[in-house]
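# What the coordinates show
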2 protein chains.
Amino acid sequence: MDDLTEMLKGTLEGCVLEIIGSEETYGYAITRRLNELGFADVIEGTVYTILLRLERGDLVRVTKRPSEKGPPRKFYALNAAGRAELAAFWAKWEYLSSRIDSLRESGK
Amino acid sequence: MDDLTEMLKGTLEGCVLEIIGSEETYGYAITRRLNELGFADVIEGTVYTILLRLERGDLVRVTKRPSEKGPPRKFYALNAAGRAELAAFWAKWEYLSSRIDSLRESGK
DNA sequence: CCCCACTACTCGGTGATACCGTGTAGCAGT
DNA sequence: ACTGCTACACGGTATCACCGAGTAGTGGGG
């Protein structure tokens, strides 16, 4: 699949929120998870910028823990504001995708 | 529905392509059509920048025609490259929405 | 023992996109 | 003459995903 970057704007952050919401995890693992989910071209730098944004926006709780396989990891979990943001993301996504599907129907 | 602008990046241009593809039309009417389709906050300036971009990218055929109700209108129709771009847009959209739906499923 | 690979995070800068505000203009009705 | 609707163009802004380079910790092969 060719370049999805423009289409990912606004949705990739929501995907990261969803992953964090389902399990406390860290940046490197989130990137690998996105890759295996089909977001093949998403790179670590992108995920880390999103995580820093979430942290600055006070949507996550961060816990630093040592790793057996390298430098220490920063584990992320959603707080109340993060869960609200995640719910808002899914509401927007449902709205947008229904609008787009109806546009496609009306067009033919 | 609150702000969709980030999520519209990459998709709004595709919506405009779809509208042009189904009927030769002009900027002001495209904006009204988007509004009634549920893209309520999309403003004329946004649509015109997209149309100029399509024109510069050689994806459309442009015909200027006088109007009974105001200044002359620029009518847009897809050319071969535009139709290819539209098909590519739908392919990307299907890919992305299927990935996101599967992410949501796997999360719960 | 040293280099390499993998893991793990940070940061400055880039390009693309939707949006905002303003300006220009034609036409119709009061 | 004034207001409102139609119709388009343009400079500037914010946000986002991405890129590139840098910093580190761990373990294995030559």
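Residues numbered from 1 in each chain as written. Chains lettered and ligands numbered in written order. Predicted model: local features only at pLDDT ≥ 70, side-chain atom pairs only at ≥ 80, totals over all residues. Heavy atoms only, no water.

The next point concerns the sheet that holds strand β2 (residues 60-65) of chain A. All names here are of chain A. Read across the sheet, 3 strands follow the order β1-β3-β2 without closing on themselves; strand pairing throughout is antiparallel. Unpaired on one side and paired on the other, β1 (25-26) and β2 mark the two borders of the sheet. Of the strands in this sheet, β1, β2 and β3 (73-78) are in contact with helix α2 (residues 12-22), which crosses β3 at around 90 degrees. (Pairing = 2+ DSSP bridges. Helix = DSSP H or I, 4+ residues; strand = E, 2+ residues; numbered from the N terminus. Contact = heavy atoms within 4.5 Å. Axes fitted to C-alpha atoms, helices over the stretch in contact; angles between N-to-C directions.)

This paragraph deals with the packing of α2(A) against helix α3 (residues 27-36) of chain A. Residue and element names in this part refer to chain A. For the pair α2 and α3, interaxial distance at closest approach is 11 Å and the crossing angle is 110 degrees. When the axes of α2 and α3 are compared, the pair comes out roughly perpendicular. When the axes of α2 and α3 are compared, the crossing they make is right-handed. When α2 is examined against α3, the residues L12, C15, V16, I19 and I20 are found in contact with a partner set consisting of I30, R33 and L34. Of the residues assigned to the contact of α2 with α3, the class counts are 7 nonpolar, no polar and 1 charged. (Parallel < 35°, antiparallel > 145°, perpendicular 65-115°, else oblique. Left-handed = near helix turned anticlockwise from the far one by under 90°. Nonpolar A, V, L, I, M, F, W, Y, C, P; charged D, E, K, R; others polar.)

Moving on: the side chain of B:E18. Note on placement: B:E18 falls in helix α2 (residues 12-22). The buried charged residue B:E18 lacks any salt bridge partner; its closest oppositely charged side chain belongs to A:R104, at an N-O distance of 5.9 Å. Within polar-contact distance, the side chain of B:E18 engages the side chain of B:W90 at 2.9 Å. (Buried < 20%, exposed > 50% of the residue type's maximum accessible area, 1.4 Å probe, protein only. Lys, Arg positive; Asp, Glu negative; His and termini not counted. Salt bridge = Lys/Arg side-chain N within 4 Å of Asp/Glu carboxyl O. Polar contact = N/O pair within 3.5 Å; in protein donor to acceptor, adjacent residues only side chain to side chain.)

Here the focus is the environment of A:A87. Assignment of secondary structure puts A:A87 in helix α5 (residues 80-107). Linking A:A87 and A:L17, residues 70 residues apart in sequence, is a C-alpha distance of 9.7 Å.

Before going further, it helps to spend a moment on the relation of the copies chain B and chain A. Relative to chain A, chain B is turned by 180 degrees and slid 0.0 Å along the rotation axis, the superposed coordinates differing by an RMSD of 0.1 Å. Expressed as a symmetry operation, the mapping of one chain copy onto the other fits a two-fold axis. Taking C-alpha positions as the reference, the residue of chain B nearest the rotation axis is B:K9, at 3.1 Å. Looking at the interface residues of chain B, 100% of them are also at the interface in chain A, so both copies use one shared face. (Least-squares fit on C-alpha atoms with pLDDT ≥ 70 in both.)

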